[in-house]
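Descriptive analysis of the structure
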Amino acid sequence: MKKFLVPIVAVIVLILGFAFLPSKDKGESQNEPKVEQSAPANPIAKAIDSVVGNKAGELAEKYINQMLENSQFFEVKERKFDRGDSSSAGYFTGVIKKQTLKDQLVAVVASVHGETEAKDLQKLNSEMDEIFPQDLEFRYNYTIAHSVANIADGAQIEGKIKVLTPHYAEILKQFFKTEEIVTNRVTIATDIKFITQVADAEYSNEGVMINLSGLNFGGVSDLNGEIFKTLNLSLDKFFVYGVEGVDIEMQGLNYDMKYKNGVKNGAELVDYFLADMSYTSSLKNALITVEGDRFIVANDASSEGETKISGGKYFMDDKSRIASLKVADVLVRNVAIDSDFAMSEKLYRELAFANQNKAEELAKNPQILRDLLKDDISLNLKNLSFENSVGKKFSLSAKGVVGDFVDEETLFAKMSASGNAKIDTSLGEFISDYDSLRPFAPLIELYSAQFLRPEGNGVKLDFSYDKASNLLQLNGENIPLQ
């Protein structure tokens, strides 16, 4: 497992350090790059190409040098740049200090488990020295196309990173099957467009198997690389088998974020989601198997929506779809969820990416959460609908607000909800489609008849609740509550 941590941390550091730097296509030689000159069709074109292209090459060299000088993750050991009229090439070697690798591992642990475990890990110097006994040296080869034709679409930079330190190279090769673990492509025009690709990975040890392929991270930033305008994450395939009897498979993941005002490079993770943005996502299929039984199966899931911050509140408007979803033996199709959601920015920041450390802090000092829950949390579920396996449809719409937290017994001073639910058959008939629920159908049908009302061939339920009156209304009938 210690060896397993090395490739994870190495890839994180290299991606962070090279988000805006280049990538050759797989299979190309990684010997010292050679400059190839294009051949313009006539002397005039050649002269123009030479003047414009050479100037672009000068700017490209300046860009590379600026990136190297601004790097926070590695020290440059050697560099070379061969400038041409229409294309240039170069390489540099860099060193990531073992302390930087240790710090990144601590950061990964902190993001997942909290600061407490991260500090405990940091104290285990002997363990950390065993995981990262040496500095990590790498070489980055790149080419830049900057002829007149290329510049019309922006200068193109492509490159690939190769790990040179034998200790790390061998471990990475066992996991990624190559020492060249990160490639990327950058286009520099009025902004910077980049895509970083992680090599396909396989891992097998003590009954645990992991496979990852087609992992890409990309986006668009300003010319200084300081502000992200868009970000994208895509993954062709991922599976992990044999972790405490649970197997996970995922295929065709894609997530796009487009920021209205941009997000600063180096911001905290929560800030990339706590912003004015639009997003789209999709997932071809996902499978979770528990002790050999297929527990959750989802196919063709997608969502699109917008988030914004206004007046100290976080707002989200989302539309999600799932073609089919099966949990145990309960299969539903054509799942649709359309909703608006709002809560305080402070509460979202504290809870959206809360880790174990935050949970422990709230347990020790619950007043923090009480204060955060003073502000309203509202949900407008415009539509939640799905069909059972024989095409019978359930639909629900609802609105709800909670706010002004009092205490654990009273909960909120402000609590209200209203909405309606419909099924185009009886409830008993609807759940009889499922083997695990069928035995309970007669009892559920009998009990639900007190609340459900006929509508066409099906049933409906209108409901509302208000904390001030402490009355629950079901189909217009008042039901007092304790």
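Residues numbered from 1 in each chain as written. Predicted model: local features only at pLDDT ≥ 70, side-chain atom pairs only at ≥ 80, totals over all residues. Heavy atoms only, no water.

Our next topic: the pairing of strand β18 (residues 411–423). The sheet contact formed by strand β17 (residues 393–407) and β18 spans 12 bridges and is antiparallel. Counted as the bridge partner of Ala398 is Gly419 from β18. Turn length for the β17-β18 hairpin, with the two strands adjacent in sequence and antiparallel, is 3 residues. Where β18 and strand β20 (residues 458–466) come together, 8 bridges link them in antiparallel fashion. When the bridges of β20 are listed, Lys422 appears paired with Lys460. (Pairing = 2+ DSSP bridges. Helix = DSSP H or I, 4+ residues; strand = E, 2+ residues; numbered from the N terminus.)

Moving on, we come to the nonpolar core. The biggest cluster of nonpolar side chains holds 54 residues, and the ones touching the most others in it are Tyr63, Leu136, Phe176 and Tyr259. Setting aside residues no more than four positions away along its own chain, Leu136 makes contact with Ala10, Gly94, Val95, Ile96, Leu101, Val163, Thr165 and Tyr168. One finds Phe386, Phe394, Leu396 and Leu461 within the second-largest nonpolar core, a separate group that totals 16 residues. (Core = buried A, V, L, I, M, F, W, Y, C linked by side-chain atoms within 4.5 Å. Buried < 20%, exposed > 50% of the residue type's maximum accessible area, 1.4 Å probe, protein only. Contact = heavy atoms within 4.5 Å.)

Of all residues in the chain, 81% have pLDDT values of 70 or greater, and the mean over the chain is 82. Considering only residues more than four positions removed or in separate chains, one finds that residues 22–49, a stretch of pLDDT under 50, has 71 contacts. (pLDDT = per-residue confidence, 0-100.)

This part takes up unusual backbone geometry. Keep in mind that most residues, glycine aside, have a negative phi and that most peptide bonds are trans. With a phi angle near 50°, Glu291 is a residue other than glycine that sits in the positive phi range. Locating Glu291 in the fold gives a position in the loop between β12 (277–290) and β13 (293–310). We note that Asn475 has phi near 50°; this positive angle belongs to a residue other than glycine. For Asn475, the location among the structural elements is in the loop between β21 (471–474) and β22 (477–480).

It is worth spelling out the pattern of salt bridges at this point. Pairing between side chains of opposite charge can happen when their charged atoms approach one another. Summed over all chains, the structure comprises 16 salt bridges. Across the salt bridge formed by Glu137 and Lys77, the nearest N and O atoms sit 3.3 Å from each other. Residue Glu137 is located in strand β3 (residues 136–145), and its partner Lys77 is located in strand β1 (residues 75–82); the two are separated by 60 residues in the primary sequence. Its relative accessible area of 22% is what places Glu137 among the partly exposed residues. Among the salt bridges present, the one from Arg185 reaches Glu158, with a minimum N-O distance of 2.8 Å. With Arg185 in strand β5 (residues 182–188) and Glu158 in strand β4 (residues 155–163), this residue pair connects regions lying 27 residues apart in the sequence. For Arg185, a relative accessible area of 23% corresponds to the partly exposed category. (Salt bridge = Lys/Arg side-chain N within 4 Å of Asp/Glu carboxyl O.)

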